[in-house]
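# Residue-level structural notes
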Amino acid sequence: MIGKTIHKIVRPSGFNTVLTLFMLLTCMGLKAQERQGPNKVIMVIGDGMGLTQITSLYELGGQDRSNFERFDHIGLLRNNASSHRITDSAAGATAYACGVKTYNGSIGMDSDTLIVKNIVEVLPDEHWNTGLVATSSITHATPASYFSHVKWRKQEDDIASWMHRSKIDFFAGGGKRFFEERQDGLNYSDSLRTSGFEVSYKLNDSKQSNKKLAYLLAKEGMPKMSEGRGDFLPNASKMAMDYLSRDGKNFFLMVEGSQIDWGGHANDANYIITEMQDFDKALGVILDYAEKDGNTLVVVTADHETGGFALSSDKNNYDQVVGTFSTGGHTSTMIPVFAYGPGSGEFNGIYSNFEVFHKILDLLKADK
(Lines give C-alpha, C1' and ligand atoms only; values in the text may rest on other atoms or scores of the structure.)
Protein backbone atom coordinates (compact mmCIF):
# COMPACT_ATOMS: atom_id res chain seq x y z
CA MET A 1 0.00 0.00 0.00
CA ILE A 2 1.39 3.32 -1.00
CA GLY A 3 0.99 5.96 1.65
CA LYS A 4 0.16 9.58 0.88
CA THR A 5 2.30 12.35 2.29
CA ILE A 6 0.65 15.66 2.88
CA HIS A 7 2.94 18.68 2.82
CA LYS A 8 1.81 21.74 4.69
CA ILE A 9 2.90 24.86 2.88
CA VAL A 10 3.97 27.57 5.25
CA ARG A 11 3.57 31.01 3.71
CA PRO A 12 5.41 34.11 4.85
CA SER A 13 3.62 36.21 7.44
CA GLY A 14 0.92 38.40 5.92
CA PHE A 15 0.75 36.44 2.63
CA ASN A 16 -2.90 35.44 3.14
CA THR A 17 -3.84 39.05 3.84
CA VAL A 18 -2.12 40.32 0.69
CA LEU A 19 -3.69 37.53 -1.42
CA THR A 20 -7.14 38.29 -0.05
CA LEU A 21 -6.71 42.01 -0.74
CA PHE A 22 -5.50 41.29 -4.29
CA MET A 23 -8.51 39.06 -4.99
CA LEU A 24 -10.88 41.67 -3.53
CA LEU A 25 -9.44 44.47 -5.67
CA THR A 26 -9.56 42.26 -8.78
CA CYS A 27 -13.19 41.40 -8.09
CA MET A 28 -14.02 45.07 -7.56
CA GLY A 29 -12.35 45.91 -10.86
CA LEU A 30 -14.33 43.28 -12.71
CA LYS A 31 -17.56 44.49 -11.18
CA ALA A 32 -16.69 48.07 -12.14
CA GLN A 33 -16.13 46.94 -15.71
CA GLU A 34 -19.48 45.14 -15.68
CA ARG A 35 -21.16 48.34 -14.45
CA GLN A 36 -19.56 50.53 -17.10
CA GLY A 37 -22.16 51.49 -19.66
CA PRO A 38 -21.65 51.92 -23.39
CA ASN A 39 -20.59 55.27 -24.82
CA LYS A 40 -22.20 54.59 -28.20
CA VAL A 41 -25.69 53.22 -28.86
CA ILE A 42 -27.04 52.08 -32.22
CA MET A 43 -30.73 51.26 -32.45
CA VAL A 44 -31.47 49.23 -35.61
CA ILE A 45 -35.15 48.88 -36.52
CA GLY A 46 -36.52 46.61 -39.20
CA ASP A 47 -39.96 48.07 -39.77
CA GLY A 48 -42.48 45.22 -40.04
CA MET A 49 -39.79 42.59 -39.31
CA GLY A 50 -40.92 39.48 -37.44
CA LEU A 51 -39.19 36.16 -36.98
CA THR A 52 -40.51 34.94 -40.32
CA GLN A 53 -38.95 37.86 -42.16
CA ILE A 54 -35.60 36.98 -40.57
CA THR A 55 -36.04 33.28 -41.35
CA SER A 56 -36.78 34.14 -44.98
CA LEU A 57 -33.11 35.11 -45.39
CA TYR A 58 -32.36 31.39 -45.20
CA GLU A 59 -35.44 29.72 -46.62
CA LEU A 60 -36.18 32.03 -49.54
CA GLY A 61 -33.11 34.25 -49.74
CA GLY A 62 -30.64 31.41 -50.14
CA GLN A 63 -28.31 32.49 -47.32
CA ASP A 64 -26.44 29.91 -45.26
CA ARG A 65 -25.57 32.45 -42.57
CA SER A 66 -26.81 35.85 -41.47
CA ASN A 67 -25.53 38.58 -39.20
CA PHE A 68 -28.36 37.85 -36.77
CA GLU A 69 -26.31 34.82 -35.71
CA ARG A 70 -23.71 37.13 -34.16
CA PHE A 71 -25.99 37.96 -31.22
CA ASP A 72 -25.84 36.09 -27.92
CA HIS A 73 -28.62 38.04 -26.22
CA ILE A 74 -32.14 37.72 -27.62
CA GLY A 75 -35.56 38.57 -26.25
CA LEU A 76 -39.18 39.01 -27.30
CA LEU A 77 -41.23 42.20 -27.12
CA ARG A 78 -44.92 42.75 -26.56
CA ASN A 79 -45.85 45.75 -28.65
CA ASN A 80 -49.52 46.65 -28.20
CA ALA A 81 -50.43 50.34 -28.45
CA SER A 82 -52.36 52.12 -25.69
CA SER A 83 -55.26 52.64 -28.11
CA HIS A 84 -55.27 49.31 -29.96
CA ARG A 85 -54.25 45.70 -29.50
CA ILE A 86 -52.19 46.01 -32.70
CA THR A 87 -49.69 48.85 -32.95
CA ASP A 88 -48.72 51.04 -35.86
CA SER A 89 -45.20 52.32 -36.55
CA ALA A 90 -45.82 55.67 -34.85
CA ALA A 91 -46.86 54.22 -31.50
CA GLY A 92 -44.22 51.49 -31.77
CA ALA A 93 -41.40 53.93 -32.55
CA THR A 94 -42.54 56.39 -29.87
CA ALA A 95 -42.31 53.55 -27.33
CA TYR A 96 -38.64 53.07 -28.28
CA ALA A 97 -37.81 56.75 -28.65
CA CYS A 98 -39.68 58.08 -25.61
CA GLY A 99 -40.32 55.14 -23.29
CA VAL A 100 -44.13 55.32 -23.17
CA LYS A 101 -47.10 53.41 -24.49
CA THR A 102 -49.18 55.67 -26.69
CA TYR A 103 -51.97 55.71 -29.27
CA ASN A 104 -51.61 54.70 -32.90
CA GLY A 105 -50.51 57.69 -34.95
CA SER A 106 -48.73 59.50 -32.13
CA ILE A 107 -45.27 60.91 -32.78
CA GLY A 108 -43.37 61.72 -29.58
CA MET A 109 -46.52 62.21 -27.51
CA ASP A 110 -48.18 60.20 -24.77
CA SER A 111 -51.74 58.89 -24.80
CA ASP A 112 -52.99 62.30 -23.57
CA THR A 113 -51.23 64.07 -26.49
CA LEU A 114 -48.64 65.59 -24.17
CA ILE A 115 -45.08 65.91 -25.45
CA VAL A 116 -42.67 63.32 -24.06
CA LYS A 117 -38.93 63.85 -24.39
CA ASN A 118 -37.20 61.40 -26.70
CA ILE A 119 -33.87 59.68 -26.10
CA VAL A 120 -32.00 62.24 -28.21
CA GLU A 121 -33.32 64.96 -25.91
CA VAL A 122 -32.35 63.19 -22.67
CA LEU A 123 -28.88 61.84 -23.42
CA PRO A 124 -26.57 62.33 -20.42
CA ASP A 125 -24.66 65.45 -21.59
CA GLU A 126 -23.49 67.51 -24.54
CA HIS A 127 -20.72 65.04 -25.36
CA TRP A 128 -23.17 63.04 -27.50
CA ASN A 129 -23.74 63.31 -31.23
CA THR A 130 -26.97 61.94 -32.69
CA GLY A 131 -28.05 60.62 -36.08
CA LEU A 132 -30.83 59.01 -38.11
CA VAL A 133 -30.74 56.84 -41.25
CA ALA A 134 -33.86 55.48 -42.98
CA THR A 135 -34.90 54.06 -46.33
CA SER A 136 -38.21 55.93 -46.01
CA SER A 137 -38.71 59.66 -45.83
CA ILE A 138 -36.89 61.00 -42.77
CA THR A 139 -40.30 62.41 -41.76
CA HIS A 140 -41.87 58.92 -41.74
CA ALA A 141 -43.21 57.58 -38.45
CA THR A 142 -40.14 55.77 -37.12
CA PRO A 143 -37.40 58.37 -37.66
CA ALA A 144 -39.87 61.18 -36.88
CA SER A 145 -40.34 59.83 -33.35
CA TYR A 146 -36.67 60.59 -32.61
CA PHE A 147 -36.79 64.32 -33.38
CA SER A 148 -40.38 65.62 -33.48
CA HIS A 149 -43.60 65.82 -31.49
CA VAL A 150 -46.91 65.89 -33.37
CA LYS A 151 -50.36 64.46 -32.70
CA TRP A 152 -50.66 62.56 -35.98
CA ARG A 153 -48.05 60.85 -38.13
CA LYS A 154 -49.50 62.19 -41.39
CA GLN A 155 -48.47 65.75 -40.42
CA GLU A 156 -45.19 65.33 -42.29
CA ASP A 157 -44.88 69.03 -43.13
CA ASP A 158 -45.09 69.75 -39.39
CA ILE A 159 -42.65 66.95 -38.63
CA ALA A 160 -40.08 68.44 -41.04
CA SER A 161 -40.31 71.77 -39.21
CA TRP A 162 -38.88 70.14 -36.08
CA MET A 163 -35.59 68.97 -37.60
CA HIS A 164 -33.66 72.26 -37.54
CA ARG A 165 -34.74 72.77 -33.91
CA SER A 166 -33.75 69.24 -32.85
CA LYS A 167 -30.51 67.84 -31.44
CA ILE A 168 -29.90 65.70 -34.54
CA ASP A 169 -26.41 66.12 -36.05
CA PHE A 170 -26.65 63.77 -39.04
CA PHE A 171 -29.53 62.36 -41.04
CA ALA A 172 -29.90 60.53 -44.34
CA GLY A 173 -33.05 59.41 -46.11
CA GLY A 174 -35.85 60.62 -48.34
CA GLY A 175 -38.38 63.37 -47.75
CA LYS A 176 -37.12 66.32 -49.77
CA ARG A 177 -40.65 67.47 -50.61
CA PHE A 178 -41.57 67.95 -46.95
CA PHE A 179 -38.67 70.37 -46.57
CA GLU A 180 -38.67 72.15 -49.95
CA GLU A 181 -41.90 71.47 -51.90
CA ARG A 182 -44.47 72.39 -49.32
CA GLN A 183 -47.95 73.82 -49.82
CA ASP A 184 -47.19 76.66 -47.39
CA GLY A 185 -44.26 77.78 -49.56
CA LEU A 186 -41.74 77.57 -46.70
CA ASN A 187 -38.31 76.05 -47.26
CA TYR A 188 -37.05 74.14 -44.26
CA SER A 189 -33.82 73.16 -46.01
CA ASP A 190 -32.95 76.85 -45.70
CA SER A 191 -33.82 76.58 -42.01
CA LEU A 192 -31.48 73.61 -41.75
CA ARG A 193 -28.66 75.61 -43.32
CA THR A 194 -29.28 78.53 -40.98
CA SER A 195 -29.10 76.06 -38.06
CA GLY A 196 -25.67 74.77 -39.08
CA PHE A 197 -26.51 71.91 -41.44
CA GLU A 198 -24.90 71.28 -44.78
CA VAL A 199 -27.73 69.98 -46.97
CA SER A 200 -26.89 67.60 -49.81
CA TYR A 201 -28.81 65.52 -52.32
CA LYS A 202 -26.17 62.83 -52.98
CA LEU A 203 -24.65 60.62 -50.32
CA ASN A 204 -21.16 60.72 -51.80
CA ASP A 205 -20.82 64.52 -51.68
CA SER A 206 -17.74 65.63 -49.75
CA LYS A 207 -18.53 67.24 -46.42
CA GLN A 208 -17.09 69.82 -44.05
CA SER A 209 -16.54 68.20 -40.66
CA ASN A 210 -17.50 71.34 -38.73
CA LYS A 211 -21.10 71.28 -39.98
CA LYS A 212 -24.04 69.05 -39.21
CA LEU A 213 -25.00 66.87 -42.18
CA ALA A 214 -28.39 66.51 -43.87
CA TYR A 215 -28.89 64.16 -46.82
CA LEU A 216 -32.24 64.46 -48.59
CA LEU A 217 -31.95 61.74 -51.21
CA ALA A 218 -35.46 61.27 -52.60
CA LYS A 219 -38.69 63.22 -52.92
CA GLU A 220 -40.42 60.89 -50.45
CA GLY A 221 -39.26 57.33 -49.71
CA MET A 222 -36.02 55.93 -51.13
CA PRO A 223 -36.29 53.53 -54.11
CA LYS A 224 -36.81 49.81 -53.47
CA MET A 225 -33.78 47.55 -53.59
CA SER A 226 -35.31 46.04 -56.74
CA GLU A 227 -35.37 49.55 -58.25
CA GLY A 228 -31.68 50.18 -57.78
CA ARG A 229 -31.25 51.68 -54.31
CA GLY A 230 -27.95 49.83 -54.03
CA ASP A 231 -25.88 49.98 -50.84
CA PHE A 232 -27.42 53.13 -49.41
CA LEU A 233 -28.30 51.57 -46.06
CA PRO A 234 -24.90 49.98 -45.26
CA ASN A 235 -23.00 52.96 -46.71
CA ALA A 236 -25.07 55.59 -44.90
CA SER A 237 -24.79 53.60 -41.65
CA LYS A 238 -20.99 53.53 -41.93
CA MET A 239 -20.84 57.20 -42.86
CA ALA A 240 -23.03 58.07 -39.88
CA MET A 241 -20.93 56.04 -37.42
CA ASP A 242 -17.67 57.55 -38.69
CA TYR A 243 -19.06 61.09 -38.66
CA LEU A 244 -20.76 60.88 -35.27
CA SER A 245 -17.69 59.45 -33.53
CA ARG A 246 -15.38 62.23 -34.79
CA ASP A 247 -13.37 64.08 -32.15
CA GLY A 248 -13.89 61.14 -29.78
CA LYS A 249 -17.53 61.95 -29.12
CA ASN A 250 -20.15 59.50 -27.91
CA PHE A 251 -23.16 58.97 -30.13
CA PHE A 252 -26.70 57.65 -30.49
CA LEU A 253 -27.74 56.44 -33.95
CA MET A 254 -31.05 55.03 -35.17
CA VAL A 255 -30.97 53.05 -38.43
CA GLU A 256 -34.24 51.88 -40.00
CA GLY A 257 -34.83 49.36 -42.75
CA SER A 258 -38.18 50.97 -43.51
CA GLN A 259 -39.36 49.04 -46.52
CA ILE A 260 -39.50 45.55 -45.03
CA ASP A 261 -42.86 46.82 -43.81
CA TRP A 262 -43.89 47.99 -47.27
CA GLY A 263 -43.24 44.53 -48.69
CA GLY A 264 -45.48 43.08 -46.00
CA HIS A 265 -48.29 45.51 -46.75
CA ALA A 266 -48.01 44.61 -50.44
CA ASN A 267 -47.99 40.86 -49.62
CA ASP A 268 -44.87 40.70 -51.78
CA ALA A 269 -42.41 38.06 -50.54
CA ASN A 270 -39.68 39.08 -52.99
CA TYR A 271 -39.92 42.69 -51.81
CA ILE A 272 -39.47 41.53 -48.20
CA ILE A 273 -36.53 39.27 -49.04
CA THR A 274 -34.53 41.88 -50.96
CA GLU A 275 -35.12 44.45 -48.20
CA MET A 276 -34.12 41.90 -45.55
CA GLN A 277 -30.92 41.10 -47.43
CA ASP A 278 -30.09 44.81 -47.50
CA PHE A 279 -30.91 45.08 -43.79
CA ASP A 280 -28.68 42.11 -43.00
CA LYS A 281 -25.80 43.68 -44.94
CA ALA A 282 -26.16 46.96 -43.05
CA LEU A 283 -26.33 45.01 -39.80
CA GLY A 284 -22.99 43.38 -40.65
CA VAL A 285 -21.37 46.80 -41.14
CA ILE A 286 -22.79 48.01 -37.82
CA LEU A 287 -21.68 44.91 -35.90
CA ASP A 288 -18.19 45.10 -37.43
CA TYR A 289 -17.94 48.66 -36.11
CA ALA A 290 -19.23 47.67 -32.66
CA GLU A 291 -16.88 44.70 -32.44
CA LYS A 292 -13.87 46.83 -33.30
CA ASP A 293 -14.90 49.69 -31.01
CA GLY A 294 -15.63 47.49 -27.99
CA ASN A 295 -17.90 49.96 -26.21
CA THR A 296 -20.88 50.18 -28.57
CA LEU A 297 -24.29 48.77 -27.68
CA VAL A 298 -26.30 47.56 -30.67
CA VAL A 299 -30.03 46.86 -30.21
CA VAL A 300 -31.92 45.38 -33.16
CA THR A 301 -35.68 45.00 -33.24
CA ALA A 302 -38.88 45.90 -35.10
CA ASP A 303 -41.85 48.12 -34.35
CA HIS A 304 -44.28 45.31 -35.28
CA GLU A 305 -44.72 42.48 -37.77
CA THR A 306 -46.47 43.21 -41.07
CA GLY A 307 -48.46 40.91 -43.33
CA GLY A 308 -48.82 37.85 -41.12
CA PHE A 309 -45.92 36.54 -43.20
CA ALA A 310 -45.45 32.75 -43.04
CA LEU A 311 -43.11 30.26 -44.66
CA SER A 312 -45.53 27.59 -45.79
CA SER A 313 -45.31 24.29 -47.61
CA ASP A 314 -46.34 24.50 -51.25
CA LYS A 315 -49.47 22.34 -51.50
CA ASN A 316 -48.20 20.15 -48.64
CA ASN A 317 -44.86 19.57 -50.38
CA TYR A 318 -42.49 19.73 -47.42
CA ASP A 319 -39.51 20.20 -49.73
CA GLN A 320 -40.93 23.43 -51.15
CA VAL A 321 -41.27 26.63 -49.08
CA VAL A 322 -43.36 29.59 -50.24
CA GLY A 323 -44.14 32.92 -48.61
CA THR A 324 -47.79 33.36 -47.66
CA PHE A 325 -49.70 36.15 -45.90
CA SER A 326 -52.69 36.38 -43.60
CA THR A 327 -53.29 40.15 -43.82
CA GLY A 328 -52.32 43.31 -45.64
CA GLY A 329 -51.90 45.04 -42.29
CA HIS A 330 -49.97 44.54 -39.07
CA THR A 331 -50.20 41.68 -36.56
CA SER A 332 -49.98 41.54 -32.78
CA THR A 333 -47.31 38.82 -32.69
CA MET A 334 -44.38 39.39 -30.35
CA ILE A 335 -41.27 40.66 -32.10
CA PRO A 336 -37.64 39.73 -31.50
CA VAL A 337 -35.00 41.99 -29.95
CA PHE A 338 -31.27 41.29 -30.34
CA ALA A 339 -28.51 43.00 -28.36
CA TYR A 340 -24.72 43.13 -28.69
CA GLY A 341 -22.08 44.92 -26.64
CA PRO A 342 -21.89 46.41 -23.12
CA GLY A 343 -25.11 45.76 -21.21
CA SER A 344 -26.56 43.48 -23.87
CA GLY A 345 -27.59 40.91 -21.28
CA GLU A 346 -30.23 43.36 -20.03
CA PHE A 347 -32.29 42.75 -23.15
CA ASN A 348 -33.00 39.03 -22.63
CA GLY A 349 -36.49 37.82 -21.78
CA ILE A 350 -40.06 38.84 -22.59
CA TYR A 351 -41.18 42.40 -21.83
CA SER A 352 -42.97 45.42 -23.30
CA ASN A 353 -41.44 47.48 -26.10
CA PHE A 354 -41.25 50.76 -24.14
CA GLU A 355 -38.87 49.11 -21.66
CA VAL A 356 -36.12 49.14 -24.31
CA PHE A 357 -35.88 52.93 -23.84
CA HIS A 358 -35.50 52.59 -20.08
CA LYS A 359 -32.97 49.77 -20.32
CA ILE A 360 -30.77 51.90 -22.58
CA LEU A 361 -30.97 54.97 -20.35
CA ASP A 362 -30.30 52.88 -17.23
CA LEU A 363 -27.11 51.62 -18.90
CA LEU A 364 -26.17 55.22 -19.74
CA LYS A 365 -27.13 56.32 -16.23
CA ALA A 366 -29.12 59.16 -17.77
CA ASP A 367 -31.93 61.14 -16.16
CA LYS A 368 -35.27 60.39 -17.82
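In the block above lies the structure referred to throughout.
Bear in mind the structure is a predicted one, so any value in this text is a computation, not a measurement.

Before going further, it helps to examine the overall build of the protein. Of the regular secondary structure elements, the protein holds 11 helices and 14 strands. Look at the contacts in the protein between residues 6 or more apart in sequence, and 71% of them connect residues 24 or more apart. Of the roughly 17,200 Å² of accessible surface on the protein, a fraction of 50% belongs to carbon and sulfur atoms.

Our focus in this paragraph is helix α8 (residues 232-244). An ideal rise of 1.5 Å per residue puts 18 Å on 13 residues; α8 measures up with 17 Å between its terminal C-alpha atoms. Listing the buried residues of α8 in full gives Phe232, Leu233, Pro234, Ala236, Ser237, Ala240, Met241, Tyr243 and Leu244. Looking at the buried residues of α8, the elements they touch are β1 (40-46), β3 (128-137), β4 (170-174), β6 (212-216), β7 (250-257) and α10 (269-293).

For soluble globular proteins, nonpolar side chains are generally found buried alongside one another. Ranked by size, the top nonpolar core spans 94 residues in total, and within it Met43, Phe68, Tyr146, Phe171 and Val300 carry the most contacts. In contact with Val300, other than residues within four places in its own chain, are Val44, Met49, Phe68, Phe71, Phe279, Leu283, Pro336, Val337 and Phe338.

As enumerated under the stated definition, the model contains 14 salt bridges in all. The partner of Asp184 in a salt bridge is Arg182, with the nearest N and O atoms 2.7 Å apart. By relative accessible area, which is 43% here, Asp184 ends up partly exposed. The shortest N-O distance in the salt bridge between Lys238 and Asp242 comes to 2.8 Å. Of this pair, Lys238 and Asp242 both sit in helix α8, 4 residues apart, roughly one helical turn. The exposure class assigned to Lys238 is partly exposed, which follows from its relative accessible area of 45%.

We now examine the layout of surface pockets. There is about 190 Å³ of room inside the largest pocket. Every residue along the wall of the largest pocket is listed here: Val120, Glu121, Leu123, Asp125, Glu126, Trp128, Asn129, Thr130, Lys167, Asp169, Arg246 and Lys249. In this structure, the second largest pocket encloses a volume near 150 Å³. In this structure, the second largest pocket is lined by 13 residues; those nearest its centre are Ser137, His140, Glu156, Phe178 and Glu220. Elements that contribute at least two residues to the lining of the second largest pocket include exactly β3 and α6 (176-180). Among the residues making up the lining of the second largest pocket, the classes are represented as 3 nonpolar, 5 polar and 5 charged.

Given two aromatic rings, their pairing is described by the distance between the two centres and the angle made by the two planes. According to the stated counting rule, one finds 10 aromatic pairs in the structure shown. Between Phe68 and Phe279, the ring centres sit 6.3 Å apart and the planes meet at 20°, which makes this aromatic pair stacked. Of this pair, Phe68 sits in the loop between α2 (51-59) and β2 (73-78) while Phe279 sits in helix α10, and the two are 211 residues apart along the sequence. The burial state of Phe68 is the same as that of Phe279; both residues are buried. Centre to centre, the rings of Phe309 and Phe325 are 5.0 Å apart; their planes meet at 20°, and the pair counts as stacked. Here Phe325 lies in the loop between β11 (317-324) and β12 (330-331) and Phe309 lies in the loop between β9 (305-306) and β10 (310-314), a separation of 16 residues in the sequence. Against the face of Tyr271 rests Lys224, its NZ or CZ located 4.6 Å from the ring centre. Above the ring of Tyr243, the side-chain terminus of Arg246 is found at 4.0 Å from the ring centroid.

Once that is clear, we can look at the packing of α2 against α10. Where α2 meets α10, the closest approach of the two axes is 9 Å, and the angle between their N-to-C directions is 90°. As judged from the angle between their axes, α2 and α10 are roughly perpendicular. Facing Gln53, Ile54, Ser56 and Leu57 of α2, the residues of α10 in contact are Ile272, Ile273, Met276, Gln277 and Asp280. Split into classes, the residues belonging to the contact of α2 with α10 amount to 5 nonpolar, 3 polar and 1 charged.

Thresholds applied
Residues numbered from 1 in each chain as written. Predicted model: local features only at pLDDT ≥ 70, side-chain atom pairs only at ≥ 80, totals over all residues. Heavy atoms only, no water. Helix = DSSP H or I, 4+ residues; strand = E, 2+ residues; numbered from the N terminus. Contact = heavy atoms within 4.5 Å. Areas by Shrake-Rupley, 256 points an atom, 1.4 Å probe, with all protein chains shown as cover. Expected span 1.5 Å × (residues − 1). Buried < 20%, exposed > 50% of the residue type's maximum accessible area, 1.4 Å probe, protein only. Core = buried A, V, L, I, M, F, W, Y, C linked by side-chain atoms within 4.5 Å. Salt bridge = Lys/Arg side-chain N within 4 Å of Asp/Glu carboxyl O. 1 Å grid on protein atoms, 1.4 Å probe; cavity = no way out; pocket = protein on both sides within 12 Å on 5 of 7 lines; lining within 4 Å. Points joined across faces, edges and corners; volume = space filled by probe spheres on them. Nonpolar A, V, L, I, M, F, W, Y, C, P; charged D, E, K, R; others polar. Phe/Tyr/Trp six-rings, centres within 6.5 Å; stacked < 30°, edge-to-face > 60°. Lys NZ or Arg CZ within 6 Å of the ring centre and 35° of its normal. Axes fitted to C-alpha atoms, helices over the stretch in contact; angles between N-to-C directions. Parallel < 35°, antiparallel > 145°, perpendicular 65-115°, else oblique.

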